[in-house]
Amino acid sequence: MSWEPLPRPVRRCYAVAMTDYRMDSAHPGLALDRGVQGLLGTAIDRIDGPAKVAGVATYALEHQVAGLAHGVAVVAPMGAGHVTGIDAEAARTMPGVLAVYAGDQELPRQTPLFGQPGVPRYSGRLDSYGEVVGLVVAETFEAARDAARAVRVSAEPDPAARHATEDGEADAGGPPQGALLPDVTKGDLEAAMTQAAETVDVVYTTPRHVHAAIEPYGTIASWEDDALTIRGSIQILRAAVPTFAKYFEVEPDRVRVLSPFIGGGFGGKNASADALLAATAAKRLGRPVKVALTRQQAFHIAYGRSDTVQRIRLAADGDGRLSGVGQDSLVGQKVGGVSFEPVALGAVGLYSGPARSFTTKIAHINLPAHGPVRAPGEAVGMMGLECAMDELAERLAIDPIELRRRNEPDADPTSGKPFSSRRLVECFDRGAERFGWSERPEQPGTRREGEWLIGLGVATAARVNFLADSTARVRLSPDGRATVETDMTDLGTGTYTLLAQVAGETLGLPIHCVDVRLGDSLLPTGAGSGGSFGAASSASSVALACEAVVATLAERMGTAPEEMTLKDGHAIAGNRRVALAELVGGEPIEAEGSIHPGRNNRAMSQAAHGAQFAEVAVNAVTGEVRVRRMLGVFDCGRVLNAKTARSQAIGGMIWGLGYALHEEAVTDRRTGATVNRDMGEYHIPTQADVPQVDALFVEEVDRHANPVGAKGLGELGISGAGAAVANAIYNACGVRVRNFPITPDKLIAGLPPV
Ligand code: MOS
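So, here's what we can say about the structure. The written sequence of each chain sets the order in which its residues are numbered from 1. Two thresholds apply to this predicted model, a pLDDT of at least 70 for residue-level local features and 80 or more for giving and counting side-chain atom pairs, whereas whole-chain, interface and lining totals are computed over all residues. Note that the side-chain values use all heavy atoms of the structure and ignore hydrogens as well as water.

Concerning the overall build of the protein chain
The helix and strand labels rest on DSSP assignments: H or I over at least four residues marks a helix, E over at least two residues marks a strand, and numbering proceeds from the N terminus. The helix and strand inventory of the protein chain stands at 17 helices and 29 strands. Scaling as 2.2 N^0.38, a compact globule of 754 residues should have a C-alpha radius of gyration of about 27 Å, and the protein chain matches this with 27 Å. The dimensions of the protein chain, computed from C-alpha atoms along their principal axes, are 80 × 80 × 50 Å. Only protein chains enter the accessibility calculation, which uses a 1.4 Å probe; a residue whose area is less than 20% of its type maximum is buried, one above 50% is exposed, and one in between is partly exposed. Sorting the 754 residues of the protein chain into buried and exposed places 62% on the buried side. Only heavy atoms enter the contact rule, under which two residues are in contact if any of them lie within 4.5 Å. Looking at the protein chain alone, contacts between residues at least 24 apart form 82% of all its contacts between residues at least 6 apart. Two things to know: the radius of gyration comes from C-alpha atoms, and the globule rule equals 2.2 Å times the number of residues to the power 0.38.

Okay, structure coming up:
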């Protein structure tokens, strides 16, 4: 596979059939379900893999564009305050410099917050450390970098700046209108806590996190008259196009975004500061401009994940049946931002208990903005909740899995809505057997191997399931090949492959006879990648498009679609077997499929679940933690590709390991700078930290969720994984750390004598 943009515009002269489905009820089933090609669910290698290893998969910064100029952002080397001067004289006269834009009110100050209207532009005011104050453009990257370094910025610091969430001014009310997680209070949690046989009332904290994608934030922007082309690394094109259109005051149809390959996004790759800078400069200079943020700049200019302070309250009777559950949080957000980390998103629908409190307060602070990072809410919320559940299990002397079993609700415990599907208990049962849970030491600190203390831990994974509007086009050509087209993206998650599988399975084509084109906003508007809705939403639209193609083929075979089998490029009905190429004839058969969320999505409580297991060794002398084994058993509906699904799951679990032990963006309280702003000092798990990690699936086709019956998986693996590690650490050594990450200094004082 090599990748070149389509010529613009694409003209077509043949009829397009359309299959449109709104999820107002459960989907009755698809032609896909009758497929016999053997592709769906199979562990097929990525079809984009060879292009990636051969270096011909073109990432944002790799596009060869004639006449390219290079831009480097100038950032303020100080925190909140007012700019008093920018001296760019030296920079302007340096060799190769084309332009220096400094203190320019058209420039963005940071990456816009996802879904929030308006982009903060330069105004002379600085709201956090490292904001953009300018851009240098030169003939070469090196010249631009040198000149950017020669720009001197001076500023008057704001003495009232707040550099910690605890110091921030918290909103008096709850979350803003229309928030993903509105505050929930049901029953009387205070009373439940007073009357309970056993309670836990604890505060867990998680630090600020960043996405740490391998591929940097970078863009090549070019203009032709009033038409803008962005070659970027962008997850959701249909959200990015209007952002660019508004920023540059052009119609959305004058904006084309290309994002065919993405080197990791995790929620951070959306319309970004680098794109706005590159496009601003390209417009003024009349030349294409490339801008990439350095890793250090990205820590301040891109958004990350808020720190969280979570008060968790659990009230239970003597048998461990919960009478109350609370997860009330304080999270930070940069002044001006309204989005927030929805900490209790996983907890809301999880455990039974009539008294409930899930609230969030947002503290407005002078730190980098916070936006979506993989599994917004659950990634950190399930760490606090699931460690608190472990604490409750210990106080009650009930096995932690048994405690969860006793609080498994029949319907959503907050909304009362039925679950679309839920196999949490089955996940625990399968995992316990596979992992050897019965060998867990009942008393913490009692299993020892030399100077290593060994422990096992468990936690629930939960991630809300979404369906997004998605349209895809499928074309069956006279040569018998199929093409799938949608502006969906592939973050490295496997989208190219699983969409080829869905089309191949439905149309009876081997995988190599299906071409998939993604990541071009000229293509039909797809779901985009985010919120774990990408695979199920885009696969559903592809399956629906194929539905219409199959109907046409059946008509030409003179039979009903249900009476026809499609396999290996042939249609078989009765005693006839006809090559698809022959059935197609001279003109391609083309169809579009669209899926829309509907009443059914609102009438049901939808989430993916799982059981996380970890075994750790804690060094009794140094407090060093080695994770030895992890296992996740996940209920994510239908698995579309066993290999990419497993890869998503274990990737998330490894990230959870990192949240338990490593990741923390450290703030300099004087300036609000992130001190450890590179991958040397911002620690994530590396090969040597990652043990044997395995993932299994409890499958079920969830037709209430979407036509293909898959639930979101991309963000499920991280949910609860860190808590399983933390609970294993407690089981190993008897030290309960409530402020993540669990570094040796937090363990060492509490370790038992050697
Ligand atoms: Mo995600 S954090 O919605 O890519």
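Focus on the packing of aromatic side chains
The aromatic pairing rule takes the rings of Phe, Tyr and Trp, using the six-membered ring of Trp, and pairs them if the centres are within 6.5 Å, calling planes under 30 degrees apart stacked, those over 60 edge-to-face and the rest tilted. Evaluation of the coordinates by the stated rule reveals 12 aromatic pairs. Ring centres of Tyr59 and Phe261 lie 5.9 Å apart, and the angle between their planes is 45°; on these two criteria the pair is classed as tilted. Separated by 202 residues along the polypeptide, Tyr59 in the loop between helix H1 (49-53) and strand E2 (69-75) and Phe261 in the loop between strand E13 (255-258) and helix H6 (273-285) bring together distant segments of the chain. An identical accessibility class is assigned to Tyr59 and Phe261; each is buried.

What about the pattern of salt bridges?
Here a salt bridge means any side-chain nitrogen of Lys or Arg lying within 4 Å of a carboxyl oxygen belonging to Asp or Glu. According to the stated counting rule, one finds 47 salt bridges in the structure shown. One salt bridge connects Arg284 with Glu106, and the closest N-O pair in it is separated by 2.8 Å. Here Glu106 lies in the loop between strand E4 (97-102) and strand E5 (125-126) and Arg284 lies in helix H6, a separation of 178 residues in the sequence. Note that Arg125 is salt-bridged to Asp127, the shortest N-O span being 2.8 Å. Note on Arg125: relative accessible area 23%, which makes it partly exposed. The class for Asp127 is buried, based on a relative accessible area of 13%. Residues participating in the shared-partner salt-bridge network are Arg109, Arg125, Asp127, Glu131, Asp158 and Lys334.

Thoughts on the pairing of strand E28 (residues 625-635)
With eight of 11 residues buried, E28 lies mostly within the body of the structure. Adjacent in sequence and paired antiparallel, strand E27 (residues 607-619) and E28 are bridged by five residues, among which Gly623 carries a positive phi angle near 80°. For two strands to count as paired, DSSP must find a minimum of two bridges between them. Here E28 pairs with strand E29 (residues 692-697) via six bridges, running parallel. Its bridge partner lying in E29, Leu631 is registered against Asp694. Note on handedness: a clockwise path from strand one over the helix to strand two, with the strands aimed away from the viewer, defines a right-handed crossover. Between the parallel elements E28 and E29, the chain passes through helix H15 (residues 642-661) in a crossover that is right-handed.

Things to note about the sheet that holds strand E26 (residues 589-597)
The five strands lie next to each other as E1-E26-E20-E21-E22, forming an open sheet whose pairing is mixed. In this open sheet, the two edge strands, each paired with only one partner strand, are strand E1 (17-23) and strand E22 (514-517). Pairs of neighbouring strands in the sheet enclose a mean axial angle of 15°, with direction left out of account. In this sheet, E26 lies alongside strand E20 (residues 470-476) in antiparallel orientation, the contact comprising seven bridges. Within the sheet, the bridge partner assigned to Leu476 lies in E26 and is Ile589. Sitting on the sheet, helix H11 (residues 495-507) touches E20, strand E21 (482-485) and E22, and the angle it makes with E22 is about 140°. Axes here refer to lines fitted to C-alpha atoms; in helices the fit is confined to the stretch in contact. Angles between the N-to-C directions go from 0 to 180 degrees. Running at roughly 140° to E26, helix H12 (residues 534-557) makes contact with E1, E20, E21 and E26 of the sheet.

Focus on the sheet that holds strand E3 (residues 81-87)
The three strands lie next to each other as E5-E3-E7, forming an open sheet whose pairing is antiparallel. The sheet is open, and its two edges are formed by E5 and strand E7 (152-157), each paired on a single side.

Section: the nonpolar core
In this text, buried Ala, Val, Leu, Ile, Met, Phe, Trp, Tyr and Cys residues form a nonpolar core when linked through side-chain atoms within 4.5 Å. Of all hydrophobic cores here, the largest spans 93 residues; its most connected members are Phe613 and Ile729. Among the elements that take part in this core, helix H8 (residues 378-396) stands out by supplying 11 residues, more than any other. Excluding anything up to four places from it in sequence, Phe613 contacts Ile401, Phe428, Gly431, Ala432, Phe435, Trp437, Gly457, Val458, Arg629, Met630, Leu631 and Ala724.

Quick word on the pairing of strand E25 (residues 576-579)
Note: strand E24 (residues 570-573) against E25, four bridges, orientation antiparallel. Residue pairing in the sheet places Ile572 in a bridge with Arg577 of E25.

Digging into a positive patch on the surface
Exposure above 30% relative accessible area and the lack of any salt bridge qualify a residue for a patch; like charges then connect within 9 Å, and the nonpolar side chains Val, Leu, Ile, Met, Phe, Trp and Tyr within 5 Å. For the area figures, the Shrake-Rupley method with a 1.4 Å probe applies, and any residue is considered shielded solely by the protein chains shown. By the counting rule applied here, Lys and Arg register as positive and Asp and Glu as negative, while His and the ends of each chain are not counted. Lysine's charge is taken at NZ, arginine's at CZ, aspartate's at CG and glutamate's at CD. A cluster of basic residues, Arg22, Lys417, Arg599 and Arg602, forms a positive patch at the surface. Counting through the fold element by element, Arg22 comes out in strand E1.

Here's the deal with the side chain of Gln110
Mapped onto the elements of the fold, Gln110 is located in the loop between E4 and E5. Gln110 sits in the buried class, given a relative accessible area of 6%. Counting of polar contacts relies on pairs of N or O atoms within 3.5 Å, with two restrictions inside protein: one atom must be capable of donating a hydrogen and the other of accepting it, and residues adjacent in sequence are counted only when both atoms are side-chain atoms. Within polar-contact distance, the side chain of Gln110 engages the side chain of Lys334 at 2.6 Å. Apart from residues no more than four positions distant in its own chain, Gln110 is found in contact with Val119, Pro120, Glu131, Ala273, Ile301, Lys334 and Ala369.

Quick notes on H12
Compared with the 34 Å implied by 1.5 Å per residue over 24 residues, the 34 Å span of H12 between its first and last C-alpha is a close match. Extensive coverage of H12 is indicated by the burial of 18 of its 24 residues. To estimate how far a helix should reach, multiply one less than its number of residues by 1.5 Å.

That is the geometry; function is a separate question.
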